[in-house]
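Results of the structural survey
Letter by letter, the chains look like this.
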Amino acid sequence: MIHRCVCPGSFDPVTMGHLDVVGRARTLFDEVIVAVLTNPAKQSMFTLPERLEMLQESLGERPGVRVVSVPGGLLVDFCRQVGAGAVVKGLRGGTDFAYELPMALMNRHLSGLETVFLPGEPRFEHVSSSLIKEVALHGGDVSGLVPEGVLARLLERVVPVRHTGSGQPEETA
Ligand code: PNS
């Protein structure tokens with residue numbers, strides 16, 4: 001029996017979609033370790049400590065859920081160190097599956113680690129960290145799609161881009 005799973009991600013920043021998946025994972029496993037990693041393929045807006053803090057704040061004290069930062073190394077090694085027998089990932093649709101499947105197969109190839117895919121809540125299907133950042137950057141309203149603390153940090157961090165009549169975006173102070 002597998003009692004402990006890992007929900008890995010870059011969480012840059014955590015969204016309501018992520019929180020939904022962590023909650024669902026907790027209904028299946030006694031313990032969920034939310035692992036915050038850095039994905040070198042993505043340029044992050046928030047530092048690893050900031051991403052960790054936003055997750056801890058958003059999840060609060062939930063029995064059976066803890067948040068851990070993983071500064072480097074392979075996910076399979078981290079899972080072995082913490083005694084986790086499965087990885088849990090949320091799927092919003094086919095594009096997510098195409099992105100996640102090779103990683104799931106590689107992790108299984110490396111160490112036999114299995115991945116469990118959970119369909120996400122449909123009302124968050126359009127919610128991704130990258131779209132949240134893009135919309136916030138252009139002054140769009142992302143409230144309700146990210147936790148309150150994340151929204152506050154996003155508003156502090158982004159310098160909204162104002163579009164001029166010339167078609168050229170112009171940064172505002
Ligand atoms: O939220 P993301 O950016 O899609 O998460 C991807 C992440 C961080 C889970 C993935 O890049 C990862 O597992 N990185 C750790 C290094 C590793 O094990 N790479 C091989 C994956 S098959």
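Attention here is on the structure that accompanies the text. (Residues numbered from 1 in each chain as written. Predicted model: local features only at pLDDT ≥ 70, side-chain atom pairs only at ≥ 80, totals over all residues. Heavy atoms only, no water.)

Considering the overall build of the chain
The helix and strand tally for the chain stands at six helices and seven strands. Each helix and strand of the chain, placed in order from N terminus to C terminus, yields the pattern β-α-β-α-β-α-β-α-β-α-α-β-β. For 173 residues, the compact-globule estimate of 2.2 N^0.38 gives 16 Å, and the chain sits close to it at 17 Å. Referenced to the eigenvectors of the C-alpha coordinate spread, the extents of the chain come out at roughly 60 × 35 × 30 Å. Within the chain, contacts between residues separated by at least 24 positions form 70% of all contacts whose residues are at least 6 apart in sequence. Total accessible area on the chain is roughly 9700 Å²; 56% of this is exposed by carbon and sulfur atoms. Side chains of the chain give 16 positive and 20 negative charges; the mean places of these two sets differ by 5 Å. (Helix = DSSP H or I, 4+ residues; strand = E, 2+ residues; numbered from the N terminus. Rg over C-alpha atoms; globule rule 2.2 N^0.38 Å. Contact = heavy atoms within 4.5 Å. Areas by Shrake-Rupley, 256 points an atom, 1.4 Å probe, with all protein chains shown as cover. Lys, Arg positive; Asp, Glu negative; His and termini not counted. Charge placed at Lys NZ, Arg CZ, Asp CG, Glu CD.)

A few points about the nonpolar core
Core analysis: the largest hydrophobic core is formed by 33 residues, its most contacted members being Val32, Val34, Leu55, Leu59, Val88 and Leu154. Elements with a contribution of two residues or more to this core: strand S1 (4-9), helix H1 (16-28), strand S2 (31-36), helix H2 (48-59), strand S3 (65-69), strand S4 (86-91), helix H5 (129-137) and helix H6 (148-157). Among the elements that take part in this core, H2 stands out by supplying five residues, more than any other. Apart from residues no more than four positions distant in its own chain, Leu55 is found in contact with Phe11, Val14, Val34, Val36 and Val67. One finds Val68, Val70, Leu75 and Phe78 within the second-largest nonpolar core, a separate group that totals 14 residues. (Core = buried A, V, L, I, M, F, W, Y, C linked by side-chain atoms within 4.5 Å. Buried < 20%, exposed > 50% of the residue type's maximum accessible area, 1.4 Å probe, protein only.)

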